[in-house]
Amino acid sequence: MIKWFADLVIYNWLNFSQGTRLGESVHFFFYDTIKIIVLLSIMIFFISILRSFFPPEKTKKLLSNRGKFVGNFLASALGVVTPFCSCSSVPIFIGFIESGVPLGITFSFLITSPIVNEVALVMLYSLFGWQIGTLYLISGIVVGVVGGIIIGSIGLESEVEEYVYQIQIDDDEIEELSWEQRIEYAKGEVKDIVGRVWKYVLVGIGIGALIHGYAPAEVLAKYAGEGNPLSVIVAVLIGIPLYSNAMGTIPIAQALLDKGVALGTALSFMMATTALSLPEMIILRKVIKPKLIAIFIGVVAVAIIGVGYMFNWVM
């Protein structure tokens, strides 16, 4: 239905020529914008109801007093269903540390949460199919678990700012919501999240449209295709300084895949952009020291690169 409407508007009403670079780019932008915004609104509503069962306080309690490996996996799994934006990293980090959550488990949560945004995961399933969506889910959890275990094994507790350990946060009883309250919460989340991310979605779709219509396939294949052994490393290095969420990078990844870029390379770009964004590092600097930030970036970058090469080899 959406594709039929996009064809009608772009090719019939606006008289763009089908098959031309400009026509294909405009059609890509119009079609994907409607599809993604509609899908976002619907899925955010239902997933927000699920998220209402996992407030930060309950997440904090579930992660407390957990051992290595089990705790890291549980933290990554919770990161999938309880995504928090980078602006929430500081209070979440403080809450976890104050509750006795080990540092490595805390980082497993913080790594996976932005990578496997559950709304973006639904979009991946819808746009690319269940195989790629499942691969991305598994890889995001693996990166979070491995990264958290490595950081936790090094013994970097001294690299957390001293004041964090001195903060006392009240352990208030968690209020149980009624279904009416959950629905109202979900409506508010739709308005809030779509209102905050639509600009990033449009930018991502715009870049994807340019790649889809104008970027020569042979150029992309040369620098980011399967034949370039350094394509995954290049994708991660490009993605680190950028700032976007998974929803904004999905249209770019879709366009890259359409042009023949390897799956692992495209997914590595998405992960690096969402998990290692510069604004998040600036915010985290409020609670952790530069040495730990550098180790965090290095460990996660290496893990993402490894996942990218693994997917390229498997696929």
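Bear in mind the structure is a predicted one, so any value in this text is a computation, not a measurement.

(A) Representation of the packing of aromatic side chains within the structure. Tallied over the entire structure, the rule returns 3 aromatic pairs. Ring geometry for Phe5 versus Trp13: centroids 6.3 Å apart, planes at 90 degrees, classification edge-to-face. Residue class for Trp13 comes out exposed when judged on its relative accessible area of 56%. For the ring pair Phe5 and Phe30, a centre distance of 5.9 Å and an interplane angle of 35 degrees mean the geometry is tilted. Of this pair, Phe5 sits in helix H1 (residues 2-13) while Phe30 sits in helix H2 (residues 21-51), and the two are 25 residues apart along the sequence. Taking relative accessible area as the criterion, Phe5 reaches 32% and is therefore assigned partly exposed. Each member of the aromatic cluster is reached from another via a ring pair, and the members are Phe5, Trp13 and Phe30.

(B) Spotlight on the packing of helix H6 (residues 103-115) against helix H14 (residues 263-275). Where H6 contacts H14, the two axes come as close as 8 Å, and the packing angle between them is 120 degrees. Here H14 runs oblique to H6, going by the angle between their axes. The handedness of the crossing between H6 and H14 is right-handed. Packed against H6, whose contacting residues are Ile111, Pro114 and Ile115, the element H14 presents Met271, Thr274 and Ala275 at the interface. Here the contact of H6 with H14 is built from residues that sort into 5 nonpolar, 1 polar and no charged.

(C) View of the pattern of salt bridges. Under the defined criterion, the tally for this structure stands at 4 salt bridges. Two residues, Arg285 and Glu161, come together in a salt bridge whose shortest N-O distance is 2.8 Å. Within this pair, whereas Arg285 is found in the loop between helix H15 (278-284) and helix H16 (290-314), its partner Glu161 is found in the loop between helix H8 (130-154) and helix H9 (162-166), the two being separated by 124 residues in sequence. On the basis of relative accessibility, which here comes to 35%, the residue Arg285 falls in the partly exposed class.

(D) How the structure looks around the side chain of Arg182. Its location among the elements puts Arg182 in helix H10 (residues 179-213). In contact with Arg182, other than residues within four places in its own chain, are Ile49, Ser52, Phe53, Glu176 and Leu177.

Procedures and definitions
- Residues numbered from 1 in each chain as written.
- Predicted model: local features only at pLDDT ≥ 70, side-chain atom pairs only at ≥ 80, totals over all residues.
- Heavy atoms only, no water.
- Phe/Tyr/Trp six-rings, centres within 6.5 Å; stacked < 30°, edge-to-face > 60°.
- Buried < 20%, exposed > 50% of the residue type's maximum accessible area, 1.4 Å probe, protein only.
- Helix = DSSP H or I, 4+ residues; strand = E, 2+ residues; numbered from the N terminus.
- Axes fitted to C-alpha atoms, helices over the stretch in contact; angles between N-to-C directions.
- Parallel < 35°, antiparallel > 145°, perpendicular 65-115°, else oblique.
- Left-handed = near helix turned anticlockwise from the far one by under 90°.
- Contact = heavy atoms within 4.5 Å.
- Nonpolar A, V, L, I, M, F, W, Y, C, P; charged D, E, K, R; others polar.
- Salt bridge = Lys/Arg side-chain N within 4 Å of Asp/Glu carboxyl O.

Honestly, it's all geometry; don't read function into it.
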